[in-house]
Structures are given as structure tokens and as C-alpha cells.
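Fold and contact review
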Amino acid sequence: MHTMLTISQTDPRPMYLQIVEQIRHRIAIGDWAPGQELPSIRALAVELQVSVITVKRAYSDLEHAGAIVTRQGRGTFVAETTGLGSTLTEQAIDEHLQAAVDAARLLGWDETTLQARLQQRLAAIKARE
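Let me sum up the structure you'll find in this document. What you are looking at is a predicted structure, and each value in this text was computed from that prediction instead of being measured. (Residues numbered from 1 in each chain as written. Predicted model: local features only at pLDDT ≥ 70, side-chain atom pairs only at ≥ 80, totals over all residues. Heavy atoms only, no water.)

1. Focus: the overall build of the protein chain
A tally of helices and strands in the protein chain yields five helices and three strands. In sequence order, the secondary structure elements of the protein chain are arranged as α-β-α-α-β-β-α-α. Projecting the C-alpha coordinates of the protein chain onto the three principal axes gives extents of approximately 55 × 35 × 30 Å. Residue burial in the protein chain is summarised as follows: out of 129 residues, 26% are buried. Roughly 8800 Å² of accessible area belongs to the protein chain as shown, and the carbon and sulfur atoms make up 55% of that amount. Side chains of the protein chain carry 13 positive and 15 negative charges; the gap between the two charge centres is 3 Å. (Helix = DSSP H or I, 4+ residues; strand = E, 2+ residues; numbered from the N terminus. Buried < 20%, exposed > 50% of the residue type's maximum accessible area, 1.4 Å probe, protein only. Areas by Shrake-Rupley, 256 points an atom, 1.4 Å probe, with all protein chains shown as cover. Lys, Arg positive; Asp, Glu negative; His and termini not counted. Charge placed at Lys NZ, Arg CZ, Asp CG, Glu CD.)

2. Quick word on the nonpolar core
Of all hydrophobic cores here, the largest spans 23 residues; its most connected members are Ile19, Ile23 and Ile27. For this core, the elements supplying multiple residues, two or more each, are α1 (15–28), α2 (41–48), α3 (52–64) and α4 (84–106). (Core = buried A, V, L, I, M, F, W, Y, C linked by side-chain atoms within 4.5 Å.)

3. What about the pairing of strand β2 (residues 68–71)?
Bridge count for β2 against strand β3 (residues 75–78) is four bridges, and the pairing is antiparallel. Bridge pairing in β3 places Val69 opposite Phe77. (Pairing = 2+ DSSP bridges.)

4. Some thoughts on a nonpolar patch on the surface
Residues Leu106, Leu107 and Trp109 make up a contiguous nonpolar surface patch of about 380 Å² in total accessible area. In this fold, Leu107 is placed in the loop between α4 and α5 (111–128). Residue classification places Leu107 among the exposed positions, given a relative accessible area of 61%. (Patch = residues over 30% accessible without salt bridge, like charges linked within 9 Å, V, L, I, M, F, W, Y side chains within 5 Å. Salt bridge = Lys/Arg side-chain N within 4 Å of Asp/Glu carboxyl O.)

5. Description of α3
Along an α-helix, residues three or four positions apart point the same way, because every turn accommodates 3.6 residues. The terminal C-alpha atoms of α3 lie 18 Å apart, and with 13 residues this matches the ideal 18 Å at 1.5 Å per residue to within 8%. Three or more residues of α3 are buried, namely Thr54, Val55, Ala58, Tyr59 and Leu62. In a view along the axis of α3, the buried residues occupy a sector of 130 degrees, so they form one face of it. What points out from α3, more than 90 degrees from its buried face, is the exposed set Ile53, Lys56 and His64. Among the residues trailing α3, Gly66 stands out with phi positive, at a value near 85 degrees. (Expected span 1.5 Å × (residues − 1). Arc of directions from axis to C-beta.)

6. Section: unusual backbone geometry
In terms of backbone geometry, most residues other than glycine have negative phi values and most peptide bonds are trans. Positioned with a positive phi, Gln49 is a non-glycine residue whose angle comes to about 60 degrees. Tracing the sequence through the fold places Gln49 in the loop between α2 and α3. Assessed through its relative accessible area of 73%, Gln49 is described here as exposed.

7. Details of the side chain of Gln18
With respect to the secondary-structure elements, Gln18 resides in helix α1. Classification of Gln18 as buried rests on a relative accessible area of 2%. The contacts of Gln18, once residues within four sequence positions are left out, are Thr6, Ile7, Ser8, Asp11 and Arg13. (Contact = heavy atoms within 4.5 Å.)

8. Quick notes on the packing of aromatic side chains
With the rule as written, the count across this model stands at zero aromatic pairs. The side chain of Arg57 reaches across the aromatic face of Tyr16, ending 3.8 Å from its centre. Here Arg71 stacks its cationic end above the ring of Phe77, 4.7 Å away from the centre of that ring. (Phe/Tyr/Trp six-rings, centres within 6.5 Å; stacked < 30°, edge-to-face > 60°. Lys NZ or Arg CZ within 6 Å of the ring centre and 35° of its normal.)

See below:
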């Protein structure tokens, strides 16, 4: 299985987190179906040219989040949880929204200002469509 995952050396995020986010994205958009087998930790490490420990950390985080399951002696698979794609999409959006809230707080914005800015962005996107 060719994963089509990439690691960017210029990305400030840790490599394991880049792997986690890309796998979550593939599952969320339906590229990787429930029950689909993922590459072994060693195979993915070789493909991405990262350490086994990096991939193991990513898989551990994904398993803890319920996105994947490891079956001893059989491999690692996308979890067969109903609505997993939607759940992962919501989690990703929540993370981005939390980052926006955190940034707004650092800049001294209140809730009303942040909501107004979000509405402006949405309106700008809608106008381009």
C-alpha cells in the first residue's frame, strides 16, 4: 500500500504529528475506509524516511484517539467505528477553531470581535463562490 503521506522538513510541527494529521485526514475524507489495513510501522518508517519511533508515536496517538486499531499478529487497521470520518473531521475543525480562539485571546480580542471576524471570512468565501 503506497500511503502518499509526506513529511516536510520545513514544517515546524513534529514529524509524528504530521503523520497523525495526514492519516486522520485520509480517514476523514474517506480515502482510507474502515477496516483498511495500514502499512506496518517499519514499512511506513522506511517509506517516509523517519525513525520507527516516530511512526510508533503517531500510531499510538491515533489508536488512543480511536482512529486506528492494532490487532496483534495481524496488523494495524482503520477503526470500524460508525461515523469515524465525521468525528475526525469535527475534531480537526475544533482544533483549528481552538487555535483561532487562542490567537484572538493573545491579541486581546473579545468573543464578539472574534465572531464578527469569522462572519466576515465566511461572507468573503461565499462571495467568491
